Amino acid sequence: MENIFTDEYFMKKALQEAEMAFEKGEIPVGAVVVIDNKVIAKSHNLTEVLNDVTAHAEMQSITAAANFLGGKYLKNCTLYVTLEPCQMCAGALYWSQISKIVFGARDEQRGFLTLGTSLHPKTQVVEGVLASECGTLMKAFFASKRK
């Protein structure tokens, strides 16, 4: 039997969160945290709704996952996020000791890879999963703001 729990499967869950952000007028970034093929946290950007510059999808997911697990470390967890995390989120992910980060589209201006921000040495990074879909949603959002 084929394993349906692929990186693409969970990135589609993150894309659903990003679409919710889009509908709220938020920059459309969505995230889910997974452990043992189970989503334990999901979120999207809430910076406008909460009037909080730190309310990025990743930050919301880190908090929710830590609450679910009952501890601050996200070992054996994977974060799926539609956009390359910024350096603030990368710093929080570093301290969470998350095992793996999978992201869709690159953020060529503010992404942690672009800016050379370090992650925890044991954190694996996979980039480009459903990058086209993630990037298209982001471009649509900013195009709608320029009208």
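In this convention, every chain numbers its residues from 1, walking through the sequence in written order. Where local features are concerned, this predicted model is filtered to residues with pLDDT of at least 70; where side-chain atom pairs are given and counted, the filter is 80 or more; whole-chain, interface and lining totals use all residues. Hydrogens and waters are ignored; side-chain quantities use all the structure's heavy atoms.

The name recorded for the protein in an unreviewed UniProt entry is tRNA-specific adenosine deaminase, from Flavobacterium aciduliphilum. As stated in UniProt under Sequence similarities (unreviewed entry), the record for the protein gives "Belongs to the cytidine and deoxycytidylate deaminase family." Under the heading Catalytic activity (unreviewed entry), UniProt records this for the protein: "adenosine(34) in tRNA + H2O + H(+) = inosine(34) in tRNA + NH4(+)". UniProt positions are given in the numbering used here, feature names are shortened, and annotations may be inferred rather than shown by experiment.

1. Focus on the overall build of the protein
Each helix and strand counted, the protein has 6 helices and 5 strands in total. The helix count covers DSSP runs of H or I at least four residues long, the strand count covers runs of E at least two residues long, and both are numbered beginning at the N terminus. N-terminal to C-terminal, the α/β element order of the protein is α-β-β-α-α-β-α-β-α-β-α. Radius of gyration here uses only the C-alpha atoms, and the compact-globule reference equals 2.2 Å multiplied by the residue count raised to the power 0.38. In terms of overall dimensions, the protein is globule-like: its C-alpha atoms have a radius of gyration of 14 Å, near the 15 Å expected for 147 residues. In this analysis, two residues are considered to be in contact whenever any of their non-hydrogen atoms come within 4.5 Å of each other. Long-range pairs, those at least 24 residues apart, make up 56% of the contacts in the protein with a sequence separation of at least 6. As displayed, the protein offers around 8,100 Å² of accessible surface, 51% of which is attributable to carbon and sulfur atoms. Only four residue types enter the tally: Lys and Arg on the positive side, Asp and Glu on the negative side, with His and both chain ends excluded. For charged residues, the charge sits on one atom: NZ in Lys, CZ in Arg, CG in Asp, CD in Glu. Averaging the locations of the 15 positively and 16 negatively charged side chains of the protein gives two centres separated by 3 Å. Areas reported as accessible are Shrake-Rupley estimates using a 1.4 Å probe. Residue values count occlusion only from the protein chains shown.

2. Thoughts on the UniProt feature "binding site: Zn(2+)" (unreviewed entry) in the protein
Residues annotated in UniProt with the feature "binding site: Zn(2+)" (unreviewed entry) correspond here to H56, C86 and C89. A maximum C-alpha distance of 9.3 Å among these annotated residues, which run over 34 residues, shows that they cluster at one spot. In the annotated group above, the largest pocket draws its lining from H56 and C86. Looking at the element boundaries, H56 is found in the loop between α2 (47-50) and α3 (57-69). In this view, H56 contacts N45, T47, C86, M88 and C89; residues no more than four positions away in its chain are not counted. Tracing the sequence through the fold places C89 in helix α4 (residues 87-96). When near neighbours in sequence (up to four residues on either side) are disregarded, C89 contacts H56, E58 and M59. Site definitions follow a grid-based scheme: protein atoms alone, a 1 Å grid, a 1.4 Å probe that fits but cannot get out for cavities, and for pockets an open set with protein on both sides within 12 Å along at least five of seven lines, plus lining residues having an atom within 4 Å of a point.

3. With respect to the state of the cysteines
We call a pair of cysteine sulfur atoms a disulfide when they lie within 2.5 Å. In the structure shown here, the tally under the stated rule is 0 disulfides. Not engaged in a disulfide, the cysteine C86 finds its nearest cysteine sulfur in C89; these two sulfurs lie 3.8 Å apart. Throughout this description, buried means an accessible area under 20% of the type-specific maximum (1.4 Å probe, protein chains only), exposed means over 50%, and partly exposed covers the range between. Residue C86 is classed as buried on the basis of its relative accessible area, which comes to 17%.

4. Section: the UniProt feature "domain: CMP/dCMP-type deaminase" (unreviewed entry) in the protein
On the UniProt side, "domain: CMP/dCMP-type deaminase" (unreviewed entry) is annotated at positions that read residues 5-115 here. With 43% helix and 23% strand, residues 5-115 has end C-alpha atoms that lie 31 Å from one another.

5. Section: the layout of surface pockets
Taken as a whole, the largest pocket holds about 730 Å³ of empty space. As for the largest pocket, its lining consists of 28 residues, of which I27, L83, D107, R110 and F142 are closest to the centre. For the lining of the largest pocket, the elements supplying multiple residues, two or more each, are α2 and α6 (131-145). Top element by residues in the lining of the largest pocket is α6. It accounts for 6 residues. Its residues assigned to classes, the lining of the largest pocket comprises 11 nonpolar, 7 polar and 10 charged. Grid points are joined across faces, edges and corners, and a volume is the space filled by probe spheres set on the points. Residues are grouped as follows: Ala, Val, Leu, Ile, Met, Phe, Trp, Tyr, Cys and Pro are nonpolar; Asp, Glu, Lys and Arg are charged; every other residue, Gly included, is polar.

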